[in-house]
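Reading the structure
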Amino acid sequence: MNIPKKMPISNFVSVKEDKNGALKEISFKNEDTFNFAFDIADAIADREPDRRAMIHIAKDGTERVYTFGDMKRHSSRVANYLSFLGIKKGDRVMLVLKRHYQFWFTLLALHKIGAVAVPATNLLLKSDFEYRFKKGRIDAVICTADGDVSYEIDKAARGNKNIKHKIMVGGRRSGWRSLNKDVKYFSSHFPKPEGDEYACGDDPMVMFFTSGTTEYPKLAAHSFKYPLGHYITAKYWQCVDPEGVHFSISDTGWGKALWGKIYGQWMCDACIFTYDFDKFDAKEILRMIDKYKITTFCAPPTVYRVMVHLKLEKYDLSSLKYVVTAGEALNPEIFNRFKEKTGLSIMEGLGQTETTLTIGNLIGTEPHPGSLGKPSPLYDVQLMLPDGTMAESYEEGEIVIYVGDPAIGKEQPPCGLFLGYFEDEERTASVWHDGYYHTGDTAYIDDEGYYWYVGRTDDLIKSSGYRIGPFEIENEIMKLPYVLECAVTAVPDPIRGQAIKASIVLANGIEASDKLRADIMKSLKKSIASYKWPKVLDFQSELPKTFSGKIQRKEIRNRDYNSEKNEDNK
């Protein structure tokens, strides 16, 4: 047990480590009464009010530093304000706040009240909000004044009698309350609720809409125990330093923000760094790392793919001690090129909106480029074959999490696993049954216990009797110096059933040509088996992505199949 007793987290988490600090076991205590806002954020403020909680850089360059004492005071004001409006335990409040510092005040306030936070991106339009308002039975919206998103919300909210309050941050508009103006009139002391009014344990705390691509997004609900699962995320994967600064590239509209911008980091006493940018600029991110001496950094693979094409020697990155990635699989070529340029290994991890970090390269793990790492001690991870049996070494299977035998009443979901999809028993049962949560991700395990990502179960390509995962082919294409991004998908084929297509984005300054296409195929024929060779190479200016930056293979595949159907109908 190496958690200093002065740290509030020691009241809730016990760990066993080996002599090198690698995590062997983790267990929880008092989790049924846990409320992050009171038991971590406020507890740190009471113990050490001047400790930095966040460095915030606005898009206009304004720099703000908030201590834990500041966080306690501001969140209490917001909690009193929202309570005055009638928002109470169990109400669902949508937060559309980009990376504004008010997000942290509001999130903590909702935790104190016991209302359920529902983060959403500001890129949504009227129809997106209409669906989300109805699906989540949203009671109130707190929204940025930036852009047109408040107008989209207005259009979506017309006729919706459930939405009682619309609150704007950073501006004022008719029909909206002003958080910045109104909150000044409320006390900075918020008394801890008592009895049934106190939210904790298995009470719902936050809900995330998943990135739907072929169906409407699901709404994954998490309890107040959820933050505890992120202790591993921050301490043993991101390796945050209590005296350092952690920077995660993520927008607050997505679950990834809560992986890297509050829960685990503050449980480790670490300061978070937030840059409220509108448009991603890798050079500006590197400048921030240089200027603010970032010590740990987390970003999706897309960010590293761009960075390796830049002159990294122009920036002082010596403060960086640890870098990690998640969101989609990392190509080994990017791992190697980043390490060559910086000396740092990108430690990969895998998790979902429905979970915390499930598999990763934790402290004590020697990363194998292209591997996800090993399962987190928090979860009982296994690989399941289609017939329900477990996979052997090097056999591809679906990543599943064992939660106990429901037949004998022994289901004990770990802290961090979701409660289920909100008011959707059918969808919940489709992924959570017979004692397992089914992730929909496929992988294989090697003799050393490392997991290697294959793809989503619905991304697998079935061609001439072969089951082909896209990731291996993408890895080989990404090794070519003139390739920026690629996605491998299935296209209809009258003989094979499905053929393989590679959609490729070239690096700046490189033009598509027949010679380039031939060079790519020549390279692939030397590196992968013939049944994995793409039949189609398609050069694109960009690839379709979710709002959170994941490449949407499904969208590419659906376009191709719809195009084929249209041709058949002519």
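In this text the structure is predicted, and so the values were computed from the model without any measurement. (Residues numbered from 1 in each chain as written. Predicted model: local features only at pLDDT ≥ 70, side-chain atom pairs only at ≥ 80, totals over all residues. Heavy atoms only, no water.)

Our next topic: the overall build of the chain. Assigned secondary structure in the chain consists of 16 helices and 29 strands. Since a compact globule built from 570 residues should have a radius of gyration of about 25 Å, the 24 Å found for the chain is in line with a globular shape. With respect to the three principal axes, the spread of C-alpha positions in the chain is 70 × 60 × 60 Å. Counting all 570 residues of the chain, 60% fall into the buried class. Here the analysis covers contacts within the chain between residues at least 6 apart in sequence; of these, 66% occur between residues at least 24 apart. (Helix = DSSP H or I, 4+ residues; strand = E, 2+ residues; numbered from the N terminus. Rg over C-alpha atoms; globule rule 2.2 N^0.38 Å. Buried < 20%, exposed > 50% of the residue type's maximum accessible area, 1.4 Å probe, protein only. Contact = heavy atoms within 4.5 Å.)

This next bit is on the environment of Lys59. Checked against the element boundaries, Lys59 lands in the loop between strand S3 (52-57) and strand S4 (63-67). Taking C-alpha positions, Lys59 is 45 Å from Pro492, a pair spaced 433 residues apart along the chain. Polar contacts involving the side chain of Lys59 include one to the side chain of Asp278, which spans 3.3 Å. (Polar contact = N/O pair within 3.5 Å; in protein donor to acceptor, adjacent residues only side chain to side chain.)

This part is about the environment of Cys143. Take Cys143: it is sitting in strand S7 (residues 140-144). Distance from Cys143 to Val78, taken between C-alpha atoms, is 14 Å for residues 65 residues apart in sequence. Setting aside anything within four residues of it in sequence, one finds Cys143 in contact with Val96, Leu97, Val149, Ser150, Ile153, Ile167, Met168, Val169 and Trp176.

Our next topic: the packing of helix H1 (residues 36-47) against helix H2 (residues 68-84). Contact pair H1 / H2: the axes reach a minimum separation of 8 Å and the direction vectors enclose 125°. With respect to their mutual orientation, H1 and H2 come out oblique. Like other packed secondary-structure pairs, H1 and H2 cross with a definite hand, here left-handed. Contacts between H1 and H2 involve Ala41, Asp42, Ile44, Ala45 and Asp46 from the former and Phe68, Gly69 and Lys72 from the latter. By residue class, the composition of the contact of H1 with H2 is four nonpolar, one polar and three charged. (Axes fitted to C-alpha atoms, helices over the stretch in contact; angles between N-to-C directions. Parallel < 35°, antiparallel > 145°, perpendicular 65-115°, else oblique. Left-handed = near helix turned anticlockwise from the far one by under 90°. Nonpolar A, V, L, I, M, F, W, Y, C, P; charged D, E, K, R; others polar.)

Moving on: the sheet that holds strand S27 (residues 483-493). With respect to topology, three strands assemble into an open sheet ordered S27-S28-S29, the strand pairing being mixed. Single-partner strands in this sheet number two, and they are S27 and strand S29 (536-540). Along the sheet, successive strands turn relative to each other by an average axial angle of 25°, direction set aside. Helix H14 (residues 470-478) contacts S27 and strand S28 (497-506) of the sheet and is inclined by roughly 140° relative to S27. The sheet contacts of helix H15 (residues 514-527) involve S28 and S29, and relative to S29 the element is tilted by about 125°. (Pairing = 2+ DSSP bridges.)

With that settled, consider the packing of helix H4 (residues 126-136) against helix H5 (residues 149-157). Close contact between H4 and H5 brings their axes to 8 Å; oriented N to C, the two are set at 55°. Relative to H5, the element H4 is oriented oblique. The handedness of the crossing between H4 and H5 is right-handed. Listed contacts from H5 to Lys126, Phe129, Glu130 and Phe133 of H4 are Val149, Glu152, Ile153, Lys155, Ala156 and Ala157.

With that settled, consider the packing of aromatic side chains. For the structure on display, the rule yields 30 aromatic pairs. Ring centres of Tyr275 and Phe277 lie 5.3 Å apart, and the angle between their planes is 50°; on these two criteria the pair is classed as tilted. The two residues Tyr275 and Phe277 agree in class, both being buried. Among the aromatic residues, those joined into a cluster by ring pairs are Phe36, Phe68, Phe208, Tyr226, Tyr263 and Trp266. Lying over the aromatic face of Phe277, Arg99 brings its terminal NZ or CZ to 4.0 Å of the ring centre. Note that Arg132 overlies the ring of Phe209, its terminal NZ or CZ placed 5.1 Å from the centroid. (Phe/Tyr/Trp six-rings, centres within 6.5 Å; stacked < 30°, edge-to-face > 60°. Lys NZ or Arg CZ within 6 Å of the ring centre and 35° of its normal.)

Okay, the nonpolar core next. Counting residues in each nonpolar core, the largest one holds 107 residues, and the members touching the most others are Phe36, Leu82 and Trp266. Among the elements that take part in this core, helix H3 (residues 102-113) stands out by supplying eight residues, more than any other. Membership of the second largest hydrophobic core comes to 56 residues, among which are Phe273, Ile294, Leu310 and Leu506. (Core = buried A, V, L, I, M, F, W, Y, C linked by side-chain atoms within 4.5 Å.)

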